[in-house]
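So you can see what is in the structure, the chains are spelled out below.
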Amino acid sequence: MIVLVSACMLGVNCRYDGGNVRDEKLITIIEKENVVPIPVCPEQLGGLPTPRKKCEIVGGDGFDVLEGNARVVSEDGVDLTEHFLKGAEEVLKIAKIVKADLAVMRDGSPSCGCGRIYDGSFSGKKVEGYGVTSALLIRNGFRVVSVEDLNFQL
Ligand code: SF4
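Cut-offs used in this document
- Residues numbered from 1 in each chain as written.
- Predicted model: local features only at pLDDT ≥ 70, side-chain atom pairs only at ≥ 80, totals over all residues.
- Heavy atoms only, no water.
- Helix = DSSP H or I, 4+ residues; strand = E, 2+ residues; numbered from the N terminus.
- Rg over C-alpha atoms; globule rule 2.2 N^0.38 Å.
- Contact = heavy atoms within 4.5 Å.
- Areas by Shrake-Rupley, 256 points an atom, 1.4 Å probe, with all protein chains shown as cover.
- Lys, Arg positive; Asp, Glu negative; His and termini not counted.
- Charge placed at Lys NZ, Arg CZ, Asp CG, Glu CD.
- Buried < 20%, exposed > 50% of the residue type's maximum accessible area, 1.4 Å probe, protein only.
- Axes fitted to C-alpha atoms, helices over the stretch in contact; angles between N-to-C directions.
- Parallel < 35°, antiparallel > 145°, perpendicular 65-115°, else oblique.
- Left-handed = near helix turned anticlockwise from the far one by under 90°.
- Near = heavy atom within 4 Å.
- Nonpolar A, V, L, I, M, F, W, Y, C, P; charged D, E, K, R; others polar.
- Salt bridge = Lys/Arg side-chain N within 4 Å of Asp/Glu carboxyl O.
- Phe/Tyr/Trp six-rings, centres within 6.5 Å; stacked < 30°, edge-to-face > 60°.

## Describing the overall build of the protein
Thinking step 1. A count of helices and strands for the protein gives 5 helices and 8 strands.
Thinking step 2. Ordering the α and β elements of the protein from the N terminus gives β-α-β-α-β-α-β-α-β-β-β-α-β.
Thinking step 3. Relative to a compact globule of 154 residues, whose C-alpha radius of gyration would be 15 Å, the protein shows 14 Å and is just as compact.
Thinking step 4. For the protein, the spread of C-alpha atoms along the three principal axes comes to 45 × 30 × 25 Å.
Thinking step 5. Partitioning the intrachain contacts of the protein with sequence separation of at least 6 by distance along the chain shows that 62% fall at a separation of at least 24.
Thinking step 6. For the protein, the exposed surface amounts to about 7400 Å²; the carbon and sulfur share of it is 49%.
Thinking step 7. Side chains of the protein give 18 positive and 22 negative charges; the mean places of these two sets differ by 3 Å.

## Some thoughts on unusual backbone geometry
For residues that are not glycine, phi is negative in most cases, and the peptide bond is trans in most cases.
Thinking step 1. At the junction of Thr50 and Pro51, the peptide bond is cis and its omega measures out at -5 degrees in the coordinates.
Thinking step 2. Position of Pro51 among the secondary structure elements: in the loop between helix 2 (42-45) and strand 3 (55-58).
Thinking step 3. A positive phi angle is found at Lys99, which is not glycine, with a value near 55 degrees.
Thinking step 4. When you line up the elements, Lys99 lands in the loop between helix 4 (81-98) and strand 5 (102-105).
Thinking step 5. For Lys99, a relative accessible area of 62% corresponds to the exposed category.
Thinking step 6. For Phe122, which is not a glycine, the phi torsion comes out positive at approximately 55 degrees.
Thinking step 7. By relative accessible area, which is 28% here, Phe122 ends up partly exposed.

## Considerations on the packing of helix 4 against helix 5 (residues 132-139)
Thinking step 1. Two elements in contact, helix 4 and helix 5, have axes separated by 8 Å at closest approach and are oriented at 45 degrees. By the angle between their directions, the pair helix 4 and helix 5 is classed as oblique. Crossing hand, helix 4 versus helix 5: right-handed. Counted together, Phe84, Leu85, Gly87, Ala88, Glu89, Val91, Leu92 and Ala95 of helix 4 and Val132, Thr133, Leu136 and Leu137 of helix 5 form the full contact between these two elements.

## Notes on the site of the ligand
Thinking step 1. In the vicinity of the ligand, 14 residues are found, and the nearest of them are Cys8, Val40, Cys41, Glu43 and Cys112.
Thinking step 2. Grouping the constituent residues of the shell around the ligand by class yields 7 nonpolar, 3 polar and 4 charged.

## A short note on the pattern of salt bridges
Thinking step 1. In total, this model carries 8 salt bridges according to the counting rule given.
Thinking step 2. A salt bridge links Arg139 to Glu67, with the shortest nitrogen-to-oxygen separation between them at 2.4 Å. Of this pair, Arg139 sits in helix 5 while Glu67 sits in the loop between helix 3 (62-66) and strand 4 (71-74); the two residues are 72 residues apart in sequence, bridging distant segments of the chain.
Thinking step 3. A relative accessible area of 44% places Arg139 in the partly exposed class.
Thinking step 4. In this structure, Arg116 engages Asp107 in a salt bridge whose closest nitrogen and oxygen atoms are separated by 2.6 Å.
Thinking step 5. With relative accessibility at 7%, the residue Asp107 sits in the buried group.
Thinking step 6. Through salt bridges that share partners, Asp107, Arg116 and Asp149 make up one connected network.

## What to know about the packing of aromatic side chains
Thinking step 1. Evaluation of the coordinates by the stated rule reveals 1 aromatic pair.
Thinking step 2. Between Phe63 and Tyr130, the ring centres sit 5.7 Å apart and the planes meet at 75 degrees, which makes this aromatic pair edge-to-face. With Phe63 in helix 3 and Tyr130 in strand 7 (residues 126-130), this residue pair connects regions lying 67 residues apart in the sequence.

Shown next as structure tokens:
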């Protein structure tokens, strides 16, 4: 089984703060099951530096960004939507190349968020919704799950 995985959860230091959120439970699942993990970081693939400013979606979620009805903005007010769209397109390209069976994504992220994202106020409040990359993958027929909802069944 070929599975795209948010790279920060595998220990890659690609988060906005230059760190990672290595997820031992996820890595155990990958090692036990017959999984080929493909690490992707849409924000790096979109040309953003690491470390970088924290970003949130303002005015909707990733589906709204794809429709042109919401924007991704950094905490200092810079519109970085084009980077997030580029990153999503690059991940979609990879998903097609490797014929991914599934994507396991990190919750909360404006790129990878799957079911829950931050609400655009930079206050730490989460709302229902998807990041830009998760939305694009879903829109193109890929199965996407949040690591929070992953229960030892791939
Ligand atoms: S964009 Fe996704 S893979 Fe990259 S740091 Fe954020 S949550 Fe992790």
